[in-house]
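Summary of the model geometry
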Amino acid sequence: VNTLIVGGIKGLAGASVDPTANKSTAQAAIDAGIPMITSNRTLDMAYGGVGGANPLVHTGFNDLQMGGFQGDLLIKACEGKDPCRVALQVGTLGATPQVQRSKGLKDKIAASKNIQIVMEETNDFDPVKAADVTQTMLQKDKNLDFILAQTDPEALAAATVLKEQGLETKIGVIGIGGSKEGVEAVASGKMFGTVKVSGADDGATSLRTLLAVVQGKGSELKVDTTGERPTVVVDAVMITKENAADNPGDW
């Protein structure tokens, strides 16, 4: 970031790996008088909003919405199952997507008394680790109805393990991401569903937002202020076998 600032940038969009450790990027931009937004990943600090202090706004997917949509898919999948026993694989602990997608999911299914999350383990957003975690979960308990993962690559890894163990017709899988392979897996029945988010829309929204800020047109942005931080939201879509063909992935 310091190199970019010295190079004369007029605005900065940052995708934070660590929401706490990377807060110094915002301060560096503040010190240099350069407007900054976050994209895809947030920073653990107050956002100033358009015309305020850095970071101004966030652009990206609403992780609470995505988790909630995964919850909606699970509620649909669990219809007629009581109990509906679920194993949840979460991403890197403490990362914004892990925290908010978990909250969105659990808030959505809270009223569905038939749904029971009987196991929860982290796979660190790593498909290789997700395969190992799936095997460990199945060693503990094969009496599951669904395995959930917070991105499609890990969901696909879980689905592959289930097929290897002959459990693909007994235990369903629900992901998040709507990747090409994820949507294809839903279309073929390998996965029950996923929540599609477009990487192309994510990147384009970030660039359009930063450009508007730099050009002094921030007031024209559609900013959602109902959540923890002002956000230009990239919407997500629930994908099942019924609409998979009309919503191909783009990553």
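Chains are numbered independently. Their residues run from 1 in the order of the written sequence. Local features in this predicted model are restricted to residues whose pLDDT is 70 or higher, and side-chain atom pairs enter the listing and the counts only when it is 80 or higher, whereas totals over whole chains, interfaces and linings include all residues. The basis for every side-chain value is the complete set of non-hydrogen atoms in the structure, without hydrogens or water.

**Here we look at the pattern of salt bridges**
Cut-off, in case you're wondering: Any Lys or Arg side-chain nitrogen found within 4 Å of a carboxyl oxygen on Asp or Glu counts as a salt bridge. In this description a helix means any DSSP run of H or I spanning at least four residues, a strand means any run of E spanning at least two, and both kinds are numbered starting from the N terminus. Whether a residue is buried, partly exposed or exposed follows from its accessible area with a 1.4 Å probe, protein chains only, as a fraction of its type maximum: under 20%, in between, or over 50%, in that order.
In the structure shown here, the tally under the stated rule is 8 salt bridges. Measuring nitrogen to oxygen at the nearest pair gives 3.0 Å for the salt bridge that ties Asp72 to Lys108. On the criterion of sequence distance, the pair formed by Asp72 in helix 3 (residues 63-77) and Lys108 in helix 4 (residues 96-109) is long-range, its members being 36 residues apart. Look at Lys108 and you get partly exposed, because its relative accessible area is 33%. Its salt-bridge partner being Asp124, residue Lys129 comes within 2.7 Å of it at the nearest N-O pair. Judged by its relative accessible area of 30%, Lys129 falls in the partly exposed class. Asp124 gets classed as partly exposed once you look at its relative accessible area, which sits at 34%.

**Section: the environment of Ser219**
You can see Ser219 is positioned in the loop between helix 8 (199-214) and strand 9 (231-234). Considered as a pair, Ser219 and Val1 are 218 residues apart in the sequence and their alpha carbons are 26 Å apart.

**With respect to the layout of surface pockets**
In this approach the atoms are scanned with a rolling probe the size of a water molecule, which exposes any empty space left behind. Filter applied, for reference: Two kinds of site are reported from a 1 Å grid over the protein atoms alone, namely cavities, where a 1.4 Å probe fits but cannot get out, and pockets, open sets with protein on both sides within 12 Å along at least five of seven lines, and residues are called lining when an atom falls within 4 Å of a point. Grid points are joined across faces, edges and corners, and a volume is the space filled by probe spheres set on the points. Gly counts as polar in this scheme, as do all residues outside two lists: the nonpolar Ala, Val, Leu, Ile, Met, Phe, Trp, Tyr, Cys and Pro, and the charged Asp, Glu, Lys and Arg.
In this structure, the largest pocket encloses a volume near 280 Å³. Together, 15 residues line the largest pocket, and Asn40, Phe61, Arg101, Thr151 and Val197 are the ones closest to its centre. Looking at the lining of the largest pocket residue by residue, the class counts come to 7 nonpolar, 5 polar and 3 charged. Only strand 3 (58-61), helix 3, helix 4 and strand 9 provide two or more residues apiece to the lining of the second largest pocket. Counted by class, the lining of the second largest pocket contains 3 nonpolar, 9 polar and 5 charged residues.

**Quick look at the packing of helix 3 against helix 4**
What counts here: Working convention: axes come from line fits to C-alpha atoms, limited for helices to the stretch in contact. Angles between N-to-C directions cover 0 to 180 degrees. Should an angle fall under 35 degrees it is taken as roughly parallel, and over 145 as roughly antiparallel, whereas 65 to 115 is taken as roughly perpendicular and any remaining angle as oblique. Crossing handedness is defined as follows: a turn of the near helix away from the far one that is anticlockwise and smaller than a right angle gives a left-handed crossing, while the clockwise case is right-handed. Contacts are residue-level and defined by heavy atoms, with any inter-residue pair within 4.5 Å sufficient.
The geometry of helix 3 relative to helix 4 is characterised by a closest axis approach of 7 Å and an angle of 40° between their N-to-C directions. Taken together, helix 3 and helix 4 sit at an angle that is classed as oblique. Classified by chirality, the crossing of helix 4 by helix 3 is right-handed. From helix 3, Asp63, Leu64, Met66, Gly67, Gly68, Gln70, Gly71, Asp72, Leu74 and Ile75 reach across to helix 4, where they touch Thr96, Pro97, Gln100, Arg101, Lys103, Gly104, Leu105, Lys108 and Ile109. Taken together, the residues of the contact of helix 3 with helix 4 break down into 7 nonpolar, 7 polar and 5 charged.

**Remarks on the nonpolar core**
Let me state the cut-off plainly: By nonpolar core is meant a set of buried Ala, Val, Leu, Ile, Met, Phe, Trp, Tyr and Cys residues that side-chain atoms within 4.5 Å join together.
Ranked by internal contacts, the top residues of the largest apolar core, which has 26 residues, are Leu138, Leu144, Ile147, Leu162, Ile171 and Met191. When residues of this core are traced back to their parent elements, those giving at least two are helix 5 (127-140), strand 6 (146-149), helix 6 (152-164) and helix 7 (180-188). Examining the composition of this core, we find that 7 residues originate from one element, helix 6, more than from any other. Excluding its chain neighbours within four sequence positions, the residues that come into contact with Ile147 are Ala87, Gln89, Thr134, Ala158, Leu162, Ile171, Gly172, Val173 and Ile174.

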